[in-house]
2 protein chains.
Amino acid sequence: MESFRAHLDKFIKINDEEYTSILSFFTILQFKKKENLMKEGEICKSLFFVSVGCLRKFFVNEKGVEQTTEFAIENWWMTDTFAFERQTKSDFNIQTVEKSVVLSIDLKSQELLLQKHPVMEHYFRMVYQKSCAAAERRIRYLYEFNREELYLQFSTQFPWFIQRIPQYLIASFLGFTPEYLSEIRAKLRS
Amino acid sequence: MESFRAHLDKFIKINDEEYTSILSFFTILQFKKKENLMKEGEICKSLFFVSVGCLRKFFVNEKGVEQTTEFAIENWWMTDTFAFERQTKSDFNIQTVEKSVVLSIDLKSQELLLQKHPVMEHYFRMVYQKSCAAAERRIRYLYEFNREELYLQFSTQFPWFIQRIPQYLIASFLGFTPEYLSEIRAKLRS
DNA sequence: CGTCTCGTTGAGAGTTTTCAATGTAAGTGG
DNA sequence: CCACTTACATTGAAAACTCTCAACGAGACG
């Protein structure tokens with residue numbers, strides 16, 4: 001878990017002993033591709049930190065289609081924040097997109113962690129703050145661009161991610177159908 | 001500023017002396033309807049807390065139309081989080097929708113506040129966490145519903161807000177044109 | 001009274017989805 | 001390694017959704 005340590009170091013100053021203690025509050029989990037970490041309708045027990053790999057969050061709409069709302073790659077956190085905070089049923093599914101290594105913590109452990117290591121309040125404050133900032137930007141893009149522009153924007157901003165992820169997930173994340181993405185790509189190609 | 005105290009009390013335990021000290025880091029501002037608190041392109045200096053009234057955050061799209069992305073009513077915070085954190089140019093405008101009373105704090109003051117009152121780290125962690133939770137829900141709705149359903153959803157969930165705000169701002173917030181909102185309302189009426 | 005803002009209506013145009021069919025790449029078990 | 005199956009990507013036509021534009025009506029306010 002060297003990567004988690006490096007990540008924490010970007011926000012807070014801790015020594016080896018503290019790090020060992022902090023890490024002890026988490027469970028390390030390994031997943032294959034397309035394994036489920038959380039299911040819609042089940043109590044949202046865990047907050048996940050992606051150490052290696054990629055997760056996606058999605059729900060199933062009334063037509064039975066999976067709508068991806070978020071990806072999490074290395075050094076990102078993911079859960080249904082609303083449901084985790086209240087320990088209620090999750091509104092989302094979380095699934096690996098690739099083989100992944102994930103740190104997991106439950107609410108009670110997080111509370112104990114914050115109690116024992118107050119510096120982690122600062123850490124999580126910063127993480128949530130960045131997460132809010134990202135959400136604000138995300139929402140702006142959704143209002144500013146039409147589907148074609150969203151794809152163009154996304155593929156120029158994260159070309160390496162486009163390579164990494166199947167296209168139908170990109171389409172799902174950008175909020176349109178795989179067919180329409182094909183059409184857009186055909187148009188851009190010509 | 002009794003309302004701010006009551007709001008803080010929901011998250012943290014502080015005495016009168018601490019509260020007085022905390023409040024001293026803020027500036028109290030009064031605004032009339034449609035006054036500007038922040039402008040796109042200017043350095044994002046302030047984080048705002050709405051004590052009374054209502055703010056909206058918007059940007060101007062390439063067609064010159066104002067797109068509202070967020071409202072803040074009593075006990076909500078608002079800024080361009082990304083720009084505030086980095087003290088860079090704001091990507092959004094912030095304007096009052098009604099006559100409002102607002103607490104304002106700049107980044108340096110917030111840092112001093114957090115230093116002097118570590119309990120505020122916890123407070124802001126909770127606030128940002130809730131904000132993230134709201135954003136996750138918001139994004140889900142944007143993916144789940146078409147415009148008509150968005151309006152239906154919004155108007156049944158926040159009927160009191162629909163009363164409070166002019167319709168063209170509702171349309172802007174939900175991401176469609178006032179004309180289309182009229183059409184939806186006509187359809188629902190019949 | 002005139003002006004401005006806001007809400008409404010309708011026609012036509014643009015965007016995006018649906019559905020069904022086909023093609024292609026990739027994984028699996030023998 | 002091949003044959004089979006499944007998952008993913010593409011195409012095209014018709015339908016559904018949403019926007020644009022121009023015009024009109026109603027109310028607020030100086």
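Everything that follows concerns the structure shown earlier in this document.
About the cut-offs
Residues numbered from 1 in each chain as written. Chains lettered and ligands numbered in written order. Predicted model: local features only at pLDDT ≥ 70, side-chain atom pairs only at ≥ 80, totals over all residues. Heavy atoms only, no water. Helix = DSSP H or I, 4+ residues; strand = E, 2+ residues; numbered from the N terminus. Rg over C-alpha atoms; globule rule 2.2 N^0.38 Å. Buried < 20%, exposed > 50% of the residue type's maximum accessible area, 1.4 Å probe, protein only. Contact = heavy atoms within 4.5 Å. Areas by Shrake-Rupley, 256 points an atom, 1.4 Å probe, with all protein chains shown as cover. Lys, Arg positive; Asp, Glu negative; His and termini not counted. Charge placed at Lys NZ, Arg CZ, Asp CG, Glu CD. Near = heavy atom within 4 Å. Polar contact = N/O pair within 3.5 Å; in protein donor to acceptor, adjacent residues only side chain to side chain. Nonpolar A, V, L, I, M, F, W, Y, C, P; charged D, E, K, R; others polar. Buried area = accessible area lost by both parts, 1.4 Å probe. Salt bridge = Lys/Arg side-chain N within 4 Å of Asp/Glu carboxyl O. Axes fitted to C-alpha atoms, helices over the stretch in contact; angles between N-to-C directions. Parallel < 35°, antiparallel > 145°, perpendicular 65-115°, else oblique. Left-handed = near helix turned anticlockwise from the far one by under 90°. Pairing = 2+ DSSP bridges. Least-squares fit on C-alpha atoms with pLDDT ≥ 70 in both.

Re the overall build of chain A
Part 1: When helices and strands are tallied, chain A shows nine helices and eight strands.
Part 2: Taken over the C-alpha trace, chain A has a radius of gyration of 18 Å; the compact-globule value for 190 residues is 16 Å, and the two agree within 12%.
Part 3: Seen through its principal axes, chain A has C-alpha atoms that stretch 60 × 35 × 30 Å.
Part 4: When the 190 residues of chain A are sorted by exposure, 53% land in the buried category.
Part 5: Counted over contacts in chain A with a minimum sequence separation of 6, partners at least 24 positions apart contribute 68%.
Part 6: Just so you have it, chain A exposes about 9400 Å², and 53% of that area is on carbon and sulfur atoms.
Part 7: Counting 26 positive and 25 negative side-chain charges, chain A places the centres of these two groups 3 Å from one another.

Thoughts on the protein's contact with DNA strand D
Part 1: Neighbouring DNA strand D are 17 residues, the closest being Gln167, Tyr168 and Ser182 of chain A together with Lys63 and Tyr180 of chain B.
Part 2: Within 4 Å of the protein, the contacting atoms of DNA strand D are drawn from sugar and phosphate to the extent of 75%.
Part 3: In the environment of DNA strand D, a phosphate oxygen lies 2.9 Å from a nitrogen or oxygen atom belonging to the side chain of tyrosine 168 of chain A.
Part 4: Only α8 (167-174) and α9 (178-189) of chain A together with α9 (178-189) of chain B provide two or more residues apiece to the surface near DNA strand D.
Part 5: No other element matches α9 of chain A, which puts five residues into the surface near DNA strand D.
Part 6: The residue makeup of the surface near DNA strand D, split by class, is five nonpolar, five polar and seven charged.

As for the interface of chain B and chain A
Part 1: Opposite the 41 residues of chain B that make contact, chain A presents 41 residues.
Part 2: Taking both sides of the interface into account, the surface hidden between chain B and chain A amounts to around 3800 Å²; carbon and sulfur atoms contribute 56%.
Part 3: Our count for the chain B to chain A interface comes out at 12 salt bridges.
Part 4: When the shortest N-O distance is used, the salt bridge between glutamate 136 of chain A and lysine 57 of chain B registers 3.3 Å.
Part 5: Taken together, the connections running from chain B to chain A amount to 20 residue pairs in polar contact (both at pLDDT 80 or more).
Part 6: For the side of chain B that touches chain A, the secondary structure elements donating two or more residues are β4 (54-60), β5 (66-73), α3 (81-86), α5 (119-144) and α8 (167-174) of chain B.
Part 7: In terms of residue count, the dominant contributor to the side of chain B that touches chain A is α5 of chain B (20 residues).
Part 8: Tallied by class, the residues present in the side of chain B that touches chain A amount to 15 nonpolar, 10 polar and 16 charged.

Regarding the packing of helix α6 (residues 147-157) of chain B against α9 of chain B
All names here are of chain B.
Part 1: Where α6 meets α9, the axes come as close as 10 Å, and the angle between the chain directions of the two elements is 70°. When the axis of α6 is compared with that of α9, the two are roughly perpendicular. Along this stretch, α6 crosses α9, giving a crossing that reads as right-handed. Of the residues in α9, those touching α6 at Arg147, Glu148, Tyr151 and Leu152 are Tyr180, Leu181, Ile184, Arg185, Lys187 and Leu188.
Part 2: Split by residue class, the contact of α6 with α9 holds six nonpolar, no polar and four charged.

Some thoughts on the pattern of salt bridges
Part 1: One pass over the full model with this rule turns up 30 salt bridges over all chains.
Part 2: Between aspartate 91 of chain A and arginine 137 of chain B there is a salt bridge, with its nearest N and O atoms 3.3 Å apart. Here aspartate 91 of chain A, found in the loop between α3 (81-86) and β7 (93-96), pairs with arginine 137 of chain B, found in helix α5, and the two come from separate chains.
Part 3: Overall, the relative accessible area of 26% leaves aspartate 91 of chain A in the partly exposed class.

What to know about the sheet that holds strand β7 (residues 93-96) of chain B
Residues and elements named next belong to chain B.
Part 1: Taken in spatial order, the four strands of this open sheet run β2-β7-β4-β5, and their pairing is antiparallel. The open sheet has two edge strands with one neighbour each: β2 (36-38) and β5. Averaged over all adjacent pairs, the angle separating strand axes in this sheet is 30°, with direction ignored.
Part 2: Where β4 lies against β7, four bridges are found, and the strand directions are antiparallel.

Here we look at the side chain of histidine 117 of chain A
Part 1: Its place among the elements puts histidine 117 of chain A in the loop between α4 (107-116) and α5 (119-144).
Part 2: When sequence neighbours within four positions are dropped, the list of residues in contact with histidine 117 of chain A reads Glu18, Ser21, Ile22 and Phe25 of chain A.

Some remarks on the relation of the copies chain B and chain A
Part 1: Mapping chain B onto chain A leaves a residual RMSD of 0.0 Å; the transformation is a rotation of 180° accompanied by 0.0 Å of translation along its axis. What we have between these two chains is a two-fold relation. Using C-alpha coordinates, one finds that chain B approaches the rotation axis most closely at arginine 125 of chain B, a distance of 2.1 Å.
Part 2: By residue overlap, the copies meet face to face through one surface: 100% of the interface positions of chain B are interface positions in chain A.

Some points on the protein's contact with DNA strand C
Part 1: In the region of DNA strand C, 17 residues are neighbours, and Lys63, Arg147 and Tyr180 of chain A together with Gln167 and Ser182 of chain B sit closest.
Part 2: Taken together, the sugar and phosphate atoms account for 74% of what DNA strand C places within 4 Å of the protein.
Part 3: Here glutamine 167 of chain B contributes a backbone N or O atom positioned 2.8 Å from a phosphate oxygen of DNA strand C.
Part 4: Taking tyrosine 168 of chain B, its main chain carries an N or O atom lying 3.0 Å from a phosphate oxygen of DNA strand C.
Part 5: Those elements giving two or more residues to the surface near DNA strand C turn out to be α9 of chain A together with α8 and α9 of chain B.
Part 6: The dominant element in the surface near DNA strand C, judged by the number of residues it contributes, is α9 of chain B, at five residues.

Limitation: the analysis is restricted to geometry and does not speak to function.
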